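Chains, contacts and geometry: an overview
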Amino acid sequence: MKITFAPWGETLAELTDAARRAEAGGAEVIWVPELHRSATVAAAALAAATERARIGTGIALAFTRSPMITALEALDLDDLSEGRFILGLGSGVQRLNEDWHNVPFGKPVRHMREVVRNVRAFWETCTTGDPIDLPGEEEPMRIRGYQRPFAVRRADIPVHLAAMGPAMTRLAGEIGDGWISHELCSPRYLAERVLPELETGIARAEGKKRADVDVVVSACCSVSDDRATALRRVSGLVGFYASVRTYADFFDFHGLAEQQQAVIDAFRAGTGAEHLAETVSAEMIDALTMVGGRDEVAERIAGYEGLADSVKLSPPTHGLSAAETRAAQDELLALLPDLTGSAS
């Protein structure tokens, strides 16, 4: 099981420094998200700052760029990283796409299928001058008279899809080179809900095997010998997701439906998002995050053995000050060599 890392930085300089430290600690992939920064710009910074670890977008929004721009950015990032890039794509939610970015959400599974098809088609033909004519309900692509004058390092850059719902998870198994989990994903949820859907998708693709799909589970880690500190650091993250009714099935699966409803009720009663952490129980945190001292967190991460191919570790950030996040990340980075067996 590979150990990978999603660094945090208040500045790009701090982000790249954390990435270098993660690489030195043995992390095999460094992931960057897209919300407060552009995933592709951050990935470029990390590609230039590292030497061995692969660089992945975890995730870039798939519908807010044209497939051609996504394909071009991926080619450039693969060139910059000397063949170390992984294109991680996610749909985001409808409100984010339509209200924040003013782009159609459409039917997200169909939309994602067409985006990935177009990106791969562009990689295959962009240097030949051959026309591309792909029909589609969401992303038709018609390119004539185009020929990229630069060599393509790889026309088969890995494409990982983020998914939580069953239909998108099946799509990841069918067309993806990898699947990336939601920020909260317990080993039991992975085993009982996710992997069966991935296997169903894999079976739809002729000749494809489970080993052809990199299962990347995300694990938010709060490492501290002071249990109260460890719990407090991740309570804001759990509170944020618990306040969203969309995740009702996820919390119910873990026997936390009543506790999620208490968070929702508090939110509706006017409790600000920054105070939702106060409504989250230790039981919720223990079920969904990696919390405790170094040995306990390492043991919890080991619970994904035999289920996930990679674990994407990240420090808690939601509702924390920069200083608190920095301290949490430092403790997690200090644990990395123990997890990876790195001497650095």
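Up top you'll find the structure we're talking about.
The notes below deal with the structure included here. (Residues numbered from 1 in each chain as written. Predicted model: local features only at pLDDT ≥ 70, side-chain atom pairs only at ≥ 80, totals over all residues. Heavy atoms only, no water.)

Moving on, we get to the overall build of the chain. Within the chain, the regular secondary structure consists of 13 helices and 12 strands. Its C-alpha atoms give the chain a radius of gyration of 20 Å, near enough to 20 Å, the size a compact globule of 344 residues would have. When its C-alpha atoms are laid out on the principal axes, the chain stretches across 60 × 45 × 35 Å. A buried classification covers 51% of the 344 residues belonging to the chain. Sequence separation of at least 24 residues holds for 72% of the intrachain contacts in the chain that already meet a minimum separation of 6. Per element, the accessible surface of the chain, about 15,000 Å² overall, is 51% carbon and sulfur. A gap of 3 Å separates the mean positions of the 35 positive and 50 negative side-chain charges of the chain. (Helix = DSSP H or I, 4+ residues; strand = E, 2+ residues; numbered from the N terminus. Rg over C-alpha atoms; globule rule 2.2 N^0.38 Å. Buried < 20%, exposed > 50% of the residue type's maximum accessible area, 1.4 Å probe, protein only. Contact = heavy atoms within 4.5 Å. Areas by Shrake-Rupley, 256 points an atom, 1.4 Å probe, with all protein chains shown as cover. Lys, Arg positive; Asp, Glu negative; His and termini not counted. Charge placed at Lys NZ, Arg CZ, Asp CG, Glu CD.)

Once that is clear, we can look at the state of the cysteines. Under the criterion given, the structure shown has 0 disulfides. There is no disulfide at C185, and the cysteine sulfur nearest it, in C221, is 13 Å away. Free of any disulfide, C221 has its nearest cysteine sulfur in C220, 6.7 Å distant. (Disulfide = S-S within 2.5 Å.)

The next subject is the pairing of strand β8 (residues 159-162). Neither face of β8 is left uncovered, since the one carrying V159 and L161 and the one carrying H160 and A162 both have all their residues buried. The sheet contact formed by strand β5 (residues 85-90) and β8 spans 3 bridges and is parallel. Across the sheet, residue L89 finds its bridge partner in β8, namely L161. Judged from the 3 bridges that link them, β8 and strand β9 (residues 178-180) form a sheet pairing that is parallel. In the strand pairing of β9, L161 is matched with W179. Crossover connection from β8 via helix α6 (residues 166-175) to parallel β9: handedness right-handed. (Pairing = 2+ DSSP bridges. Right-handed = clockwise from strand over helix to strand, strands pointing away.)

What follows is about the environment of A172. Topologically, A172 is positioned in helix α6. Ignoring sequence-local partners within four residues, the contact set of A172 consists of L161, G178, W179, L198 and K208.

The N-to-C vectors of helix α8 (residues 227-242) and helix α10 (residues 257-268) enclose an angle of 85°; their axes lie 9 Å apart at closest approach. Taken as axis vectors, α8 and α10 run roughly perpendicular relative to one another. Each of G239, Y241 and A242 in α8 lies in contact with α10, whose residues at this interface are Q260, V263 and I264. Class assignment for the residues of the contact of α8 with α10 results in 4 nonpolar, 2 polar and no charged. (Axes fitted to C-alpha atoms, helices over the stretch in contact; angles between N-to-C directions. Parallel < 35°, antiparallel > 145°, perpendicular 65-115°, else oblique. Nonpolar A, V, L, I, M, F, W, Y, C, P; charged D, E, K, R; others polar.)

Moving on, we come to the pattern of salt bridges. Within the structure shown, the criterion is met by 23 salt bridges. With a closest N to O distance of 3.8 Å, D212 and K209 form a salt bridge. Looking at D212, the relative accessible area reads 34%, which means it is partly exposed. D286 is the partner of R227 in a salt bridge, and the nearest nitrogen-oxygen pair spans 2.8 Å. Of this pair, R227 sits in helix α8 while D286 is found in helix α11 (residues 282-288), placing the two residues 59 residues apart along the sequence. A relative accessible area of 34% places R227 in the partly exposed class. We classify D286 as partly exposed; its relative accessible area is 27%. Taken together, the shared-partner salt bridges connect E10, E14 and R326 into one network. (Salt bridge = Lys/Arg side-chain N within 4 Å of Asp/Glu carboxyl O.)

Moving on: helix α5 (residues 108-125). For α5, built from 18 residues, the straight-helix expectation of 26 Å at 1.5 Å per residue is met to within 8% by its first-to-last C-alpha distance of 26 Å. Contact partners of the buried residues in α5: α3 (67-80), β5, β6 (132-134), β7 (141-143), β8 and α6. (Expected span 1.5 Å × (residues − 1).)

This part takes up the pairing of strand β10 (residues 214-223). The buried fraction of β10 amounts to 10 of the 10 residues, a majority that puts the element mostly inside the structure. Side-chain alternation along β10 places D214, V216, S218, C220 and S222 on one buried face and V215, V217, A219, C221 and V223 on a second face that is also buried. Examined bridge by bridge, β9 and β10 share 3 bridges and lie parallel to one another. Its bridge partner being in β10, W179 is matched across the sheet by V215. Crossover connection from β9 via helix α7 (residues 187-204) to parallel β10: handedness right-handed. Note: β10 against strand β12 (residues 310-314), 5 bridges, orientation parallel. In the strand pairing of β12, A219 is matched with L313.

Turning next to α7. Between its terminal C-alpha atoms α7 stretches 25 Å, which fits the 26 Å expected from 18 residues at 1.5 Å a residue. The sharpest bend along α7 measures roughly 40° and falls at V194, with the proline P196 sitting one to four residues further on. For α7, the complete set of buried residues consists of Y189, L190, V194, L195, L198, G201 and I202. Of the surrounding elements, those touching the buried residues of α7 are α6, β9, β10 and α9 (248-253). (Bend = angle between axes of the 7 residues up to and from the residue.)

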